[in-house]
Structures are given as C-alpha cells and as structure tokens.
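Next come the chains, spelled out residue by residue.
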Amino acid sequence: MTRPAAPMTEPTPETRNERPEANPAAPPPPEGAAGKPAAPPLPPERRFPRPPIQTFLFWILLLLLLPLGLMIFNPRSGRARLHELQQSEFEQLLRDGQVLTATVSPREAADVKKITGTYRIEKPDPGEAAARAPATVERFETLAVYTDELDKLLREHCPTRKTEASSTFWTSVVLTLLPVLLLVGVIYFLFSRQLKMAGKGALQFGKSRARLIMPNQEKVTFADVSGIEEAKEEVAEVIDFLRAPQKFQKLGGHIPKGVLMVGPPGTGKTLLARAIAGEAEVPFFHISGSDFMEMFVGVGASRVRDMFEEGKRHAPCIIFIDEIDAVGRSRFTGIGGGHDEREQTLNALLVEMDGFEPNAGVIVVAATNRPDVLDPALLRPGRFDRQITIDLPDVNGRLSILKVHVKKVTIDPHADLGVIARGTPGFSGADLANLINEAALIAAHSNKSAVDMDALEEARDKVRWGKERRSRKIDEHDREVTAYHEAGHALVGLLCEHATPLHKVTIIPRGTAYLGATMHLPESDRYTVSKPELLDQMAMLMGGRAAELLIFNETTSGAAMDIRQATDTAKKMVCQWGMSEKMGPISYSGREEHIFLGRDITRSEDYSEETAREIDNEIRRFVGDSEGRADRLLRENLERLKKLGKSLLERETMNAVEIRELLGFPPPPVKAEPGVAGPPPPAPGAEGAATPPPVPA
C-alpha cells in the first residue's frame, strides 16, 4: 500500500523504460527527384550486399548439387544397376556359355577377386518370334575365390577377358578427404564472404567503424526536436559556421572544436545529433564509444586515427561519438588499476582533437550521461570547448514534445495535453514518446476511433507505475486498510494549505509497487520549495499511517514508502537546506554523489559523532511532528475520513472533483497556467479536471 505521489510529494519510480530512438540512415532519394540534387554514389562500405533471396537460392542449389556430384564421382554409385551373383551361379553361367565379358579386379585378400562383366539371359521356351529377337544382356558382379579351376573355366568359356589394376587405395583416399575438403571450402567461403560484406577483413581490423551519412540521407531536422530549445540554439551556431564560415572568421572568431552534450538518458541527445546531421550540409560520421574498444591493445587507437583521417578527407565534416564515457573515462585510477587499451585509445583521441597537428574542418560532437567520470584532459577548452546540458524538459517542454508525437496518432480534439504535461514531471522525451504509443495501443484495444483523455491518463499511469492488476486476489481486510490509508493521504492533503493539489485516488493495484495510490498534479514545475510546503508534504505522507492507527488501531507495512520519503525530506531539511533552528544554516551533507572507484577509494564525514546524534534527533522531531499533525487533522475530520474510505471501497477510483463534492470542500478557483494552452477546463465532476491548491481547513 505504498503510495507514490507527484514530485515533491511523489516517489520517483524505481524503474522506467528508456527507449532511445533508433538512428538508421535513410536511403538517398532517386536521381532526378524534383527539387533535390541526385545522390552521390555510396562508398564501398555503404553499398548494399546481394539480396537475401539470391543468397538463399544459391545455397539451395549448392545443397542439391553436392550429393549429385558425390554420386557421379563415386565408383560404387552404379552398384544398384548390377546383378550381384553368387560364385556358384557365376560358375554355372560360365559352363552354360552365357558369360560374354569378364573383368577381374584384385581385392584386399590375395585369393579373393571381384569379377564384373556381362552375360546373356537365355529364354526358357523360345518361340519362333523370340528366337529371332536379340538376347537380353545384363551386367553382373561377383566376389569369388580365384582358383585354378575358376581360371580354367574363364579361359574355356568366356570369349572376352581382361584384368584391372587395383584402385582401392586411391579410391579410399579420395572418398575420405573429399568430404573434409568440401567442408573446409564451405566454411572458408562463408567466413570470407561475411568478412568482405562487413568490411572487416583481417587487413581492416584497425579501420574505423564510423558510418558516413551524406547531407541528403538523414531526414530528421530541428522541427522533429522539441523541448530543448536552448540546446538547439547552441548547435545551430555550429551548423551556421559550417554553412557560412566567413561570417564568423571576419570577426576573428572560430567554431568550437568539440561540443559535448550532457544529460540524463532519454532526453534527446542522440536525436539532436540526428537533427544536426539532417540540418548540416556536410558529411556526418557517427560511431559509438564502445566501437573503439577491443581485446587487443592498440586497435582502438588505430581506429581513432583512421576515423580522423577519414574525416579530414571529407572536411568540413562532423564526427558524432555516442556514449563517449566508454572510451573517455578518467585515467586517474583508484581501485582496480588501469586499462591499457582504453587509455591508449583515449590518448589517441586527445592528440587527434588538439595535438601537434591542427585538425581543421573536423568538429567532434559527443554525448554522455556520466560527465563526472570523464578525463579532465578531455573536457578542457581546445578539445570540448562547449558543454551543452540537455536536462529533463519542464512543463512547457513536455507539452511541446507531446504535440510533436501526437502528430503520428489520431488524437481526440477534446484531449487536454496540458493536463498530461503537468502530470508527467520527471519524464524524458523518450518516456513521453512511449506514453503516446501506449495511449494509441490502449485506444485501439478498446476499439476507440481516436486517442482520448482516458487513454492518455491510463497510459501515463501505466508508464509510471505499471498496468492495473485487477486479477490480483486481495483480502477484504487488506482492501479496507488500503482504502482508509489512501483516504488519509487525500484528506490531509486537502486540509493542508500548501500541499500539492490532489488529482486522483485509486485502490486498484498497479505493477508490483503498491496496492493503491494518491496522485497529485503540481500546477507547474517547481525549482524551489519553502519550509511550510515541505511540512505539509510530510504531514500528507504520514496521513496514511495515521489513518490506519485511527480506524484499525494498528499499523501495516504499507506505510514503508511514506516513512522513507518523509525521512529523506526531513534529512534534507536539516543537512542541506538549513531549515532546522537547532542545527542552523550549515551543510552537513558532504559530497552527495556516489563513489567512483576509478577515482575515489574512501570518503570521510565532515562532522563529529555528537553532531550526527543531534542531526538524528532533529530528523526524528520533524517526522514525529508531521505524524502528530496528520493525526490531529484526521481526528477533527473523522466523519469525512470514514465517508471517503467507504466510497473508495465502492468505486475504487475517484478524481479530485468527485472527492471535493463528496466531502463538502468548495471547488478551487481556476488558475490560468502560463505557457500551457489547452481546451476550456471541464465541468465539475469531469474526468481530468485540473485541481489548483485546495482551500485550507
């Protein structure tokens, strides 16, 4: 029954699917396309291989011809057409004069011979017509012990005789080696073909794996990137310099040699790089940092040098290195020692970006979400002159990103994207793209003609907390505990003046995280927070536990997440934000980032044990006061708590407007939010209605 809430009142989801967009190179337009120049011929490494259907037919034909060839070249393949005779039958045919030809071939045993030839079949009762017909001649084969008597019979009764030398040894050798040679040939053909197709032969092992995108191949432009306007402006300067360098050079300015894009996963760093490739009218190379690394020392450095040599041949150009932290980690090692291959690769990259020889015309653009682990020499001016921070989008950025993605789906004109933008703080661009896709799937599954507000709300909850688990069997007592727990959160939030506005309460389980939830929607993104707001937030967090004690006279494990959030908030108030009168405006947090074992080994505290004890006492006081305040508010409004709990047991999900009407709270005033436009607010009781701050009790 842990209750995830909105930012400042809502736990951060433990997991969130990051789905970065793919980066395929679009094929060039055909020659003679209207308004566009003909595409230049692709380099050898970009040409398409043989179509798969031809390769499939080739191997089918080879598998059919291989057994046929073995049958043709196998001297024993014709044995099925011979009559195999016993020695006694062969001797009788000799005495009857029916054997016409005989060929004696030696065998492994000295006294055993193989005799092949032809014989005539006599008609048992030939008539006059049959007597004139030619006799039937058949081939035979027999193994016989070659004695003097048999030799005498052959000389007397077989008109044509001959002897063949033994070929058993060479036949055995050929039949033994032929399958092995065929297998080796097929394996060699397969591997050599694959290596040639991939352009990674033995002599190209140290060649660069960067893919070249010509100016007319990438279709993503700045119009497809939204929510990061400042980053677009900074990279636009690089593109303007490549298009018109004289504009900057006449004032003595020069373009940055390197641009490093820093930001959390899913914020659009790779998408922005694709947009640069689509906007810039110069060749664009892209490669991942892991493509430099190999098990052999020196290969990565060779690939770096080859990549820059290729860039110089296509200058002016842009080289994009994604996830550069895979190769650019700090060389100042802590635990675990160094990595010779990575360090040599990094040294080669440092020299190529700003070494003894100038690297004119090649601009390096890189992306990472771990700038803290990069080597200081890589970050200095002259290599990466400019760092562009691409942070999670604010409410206006999320709204613009949603508008870009809804162009790909059929959206209901009454759907309010502003509500979804306010209800998705902390979402990245990839999360919002996933949300719109999930909404389209939900609407299609429900046989709707368009993606409406219900589908968008369900998709948001599904992406953040998981799918509803209505099939989960829950004990009736647990349902009651969950209902009153969530009712306590909602009621305390409505009674606190500075609490985040309530949006929806549900006791339907989602994912594996919780059995119910009280959801809040902030009116806008907040970058600072006051002490009264934090105290109201902690009181609201402890409202669920206080309701359990008040109704059932016991507590459950459902308040674990609430206690953790309240403790974390109190700790930050004491140690970081100076909101404790006893501890004063002093920072006790030290260094908050995680230890990087490639640089740090240990970390010491900046205060004594006595100070630590006082900090613990202050944290305990803040949390205890919040619980006491929540208990007092619920005792004063016990009838409202019971009414809301019973209603949740019946309806399972209620929005803020329905809860206000049920408990007798006046509707909040509607506040216009700057920058977030949408349809007129829905009438009271409508799903998805915005809820500004509640009226204090």
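A quick note: this is a predicted structure, and the numbers were derived from the prediction, not measured. Residue numbers restart at each chain and count upward from 1, following the sequence in its written direction. Owing to the predicted nature of the model, reporting of local features is limited to residues with pLDDT of at least 70; listing and counting of side-chain atom pairs is limited to 80 or more, with chain, interface and lining totals taken over all residues. The side-chain values count all of the structure's non-hydrogen atoms but skip hydrogen atoms and water molecules.

K.L.:
For the environment of Ala 499, give the residues involved together with the corresponding values.
P.N.:
With respect to the secondary-structure elements, Ala 499 resides in the loop between α16 (476-495) and β12 (502-506). As a C-alpha pair, Ala 499 and Pro 532 span 33 residues in sequence and 9.0 Å in three-dimensional space. Each helix is a run of DSSP H or I of at least 4 residues and each strand a run of E of at least 2, with the numbering of both proceeding from the N terminus.

K.L.:
Give me the lowdown on a nonpolar patch on the surface, citing residues and values where you can.
P.N.:
Patches here are clusters of residues that have more than 30% relative accessible area and form no salt bridge, with a 9 Å joining cutoff for like charges and a 5 Å cutoff for nonpolar side chains (Val, Leu, Ile, Met, Phe, Trp, Tyr). To be clear on the numbers: accessible area is Shrake-Rupley with a 1.4 Å probe, and residue cover counts the displayed protein chains and nothing else. Just to be clear on terms, a salt bridge is a Lys or Arg side-chain nitrogen sitting within 4 Å of an Asp or Glu carboxyl oxygen. Where nonpolar side chains cluster on the molecular surface, the patch consists of Phe 58, Leu 62, Val 186, Phe 189 and Leu 190 and spans about 350 Å² of accessible area. If you list the elements that add at least two residues to the nonpolar patch, you get α1 (52-73) and α5 (168-198). Here the nonpolar patch gets three residues from one element, more than from any other, and that element is α5. Tracing the backbone shows Leu 62 in helix α1. Since its relative accessible area comes to 32%, Leu 62 is described here as partly exposed. Classification of residues uses two cut-offs on accessible area relative to the type maximum, computed with a 1.4 Å probe and protein chains only: under 20% is buried, over 50% is exposed, and between them is partly exposed.

K.L.:
Explain the sheet that holds strand β3 (residues 112-121) to me, using residue names and the numbers behind them.
P.N.:
What the five strands build is an open sheet, ordered β1-β4-β3-β2-β5; its pairing is mixed. A single partner strand is all that each edge strand has here, and the edge strands are β1 (83-84) and β5 (160-163). Judged from the four bridges that link them, strand β2 (residues 99-106) and β5 form a sheet pairing that is parallel. When the sheet's bridge partners are listed, Thr 103 is paired in β5 with Lys 162. Throughout, a residue-residue contact means that at least one pair of heavy atoms, one from each residue, lies within 4.5 Å. Between N-to-C directions, angles span 0 to 180 degrees; the directions come from axes that are lines fitted to C-alpha atoms, helices contributing only their stretch in contact. Across the sheet, helix α2 (residues 87-96) lies against β2, β3 and β4 (136-145), angled at about 125° from β4, the strand it touches most. When DSSP finds two or more bridges between two strands, those strands count as paired.

K.L.:
Before we move on, could you go through the packing of helix α9 (residues 299-313) against helix α10 (residues 340-354) and cite the residues and values that matter?
P.N.:
With their axes 7 Å apart at the nearest point, α9 and α10 run at an angle of 25° to one another. Classed by the angle they form, the pair α9 and α10 counts as roughly parallel. Viewed along their axes, α9 and α10 form a crossing whose handedness is right-handed. Only Glu 341, Gln 344, Thr 345, Ala 348, Leu 349, Glu 352 and Met 353 of α10 make contact with α9, whose side of the interface consists of Val 299, Gly 300, Ala 301, Val 304, Arg 305, Phe 308 and Lys 312. The cut-offs work like this: below 35 degrees is roughly parallel, past 145 is roughly antiparallel, 65 to 115 is roughly perpendicular, and the gaps in between are oblique. Take the far helix as the reference: if the near one is turned anticlockwise from it by less than a right angle, the crossing is left-handed, and if turned clockwise, right-handed.

K.L.:
Any details on the packing of aromatic side chains? Residues and values, ideally.
P.N.:
Between 30 and 60 degrees the pair is tilted, below 30 it is stacked and above 60 it is edge-to-face, where a pair is any two Phe, Tyr or Trp rings, Trp via its six-membered ring, whose centres lie within 6.5 Å. Counting across every chain of the model gives four aromatic pairs. Pairing Tyr 119 with Phe 140 gives two aromatic rings, centres 6.0 Å apart and planes at 65°, and the pair type is edge-to-face. In this pair, Tyr 119 is assigned in strand β3 and Phe 140 in strand β4, connecting sequence segments 21 residues apart. A relative accessible area of 9% means that Tyr 119 is categorised as buried. According to the relative accessible area criterion, Phe 140 is buried, its value standing at 1%. Ring centres of Phe 284 and Phe 320 lie 6.3 Å apart, and the angle between their planes is 25°; this geometry places the pair in the stacked category. In this pair, Phe 284 sits in strand β8 (residues 284-288) while Phe 320 sits in strand β9 (residues 317-322), placing the two residues 36 residues apart along the sequence.

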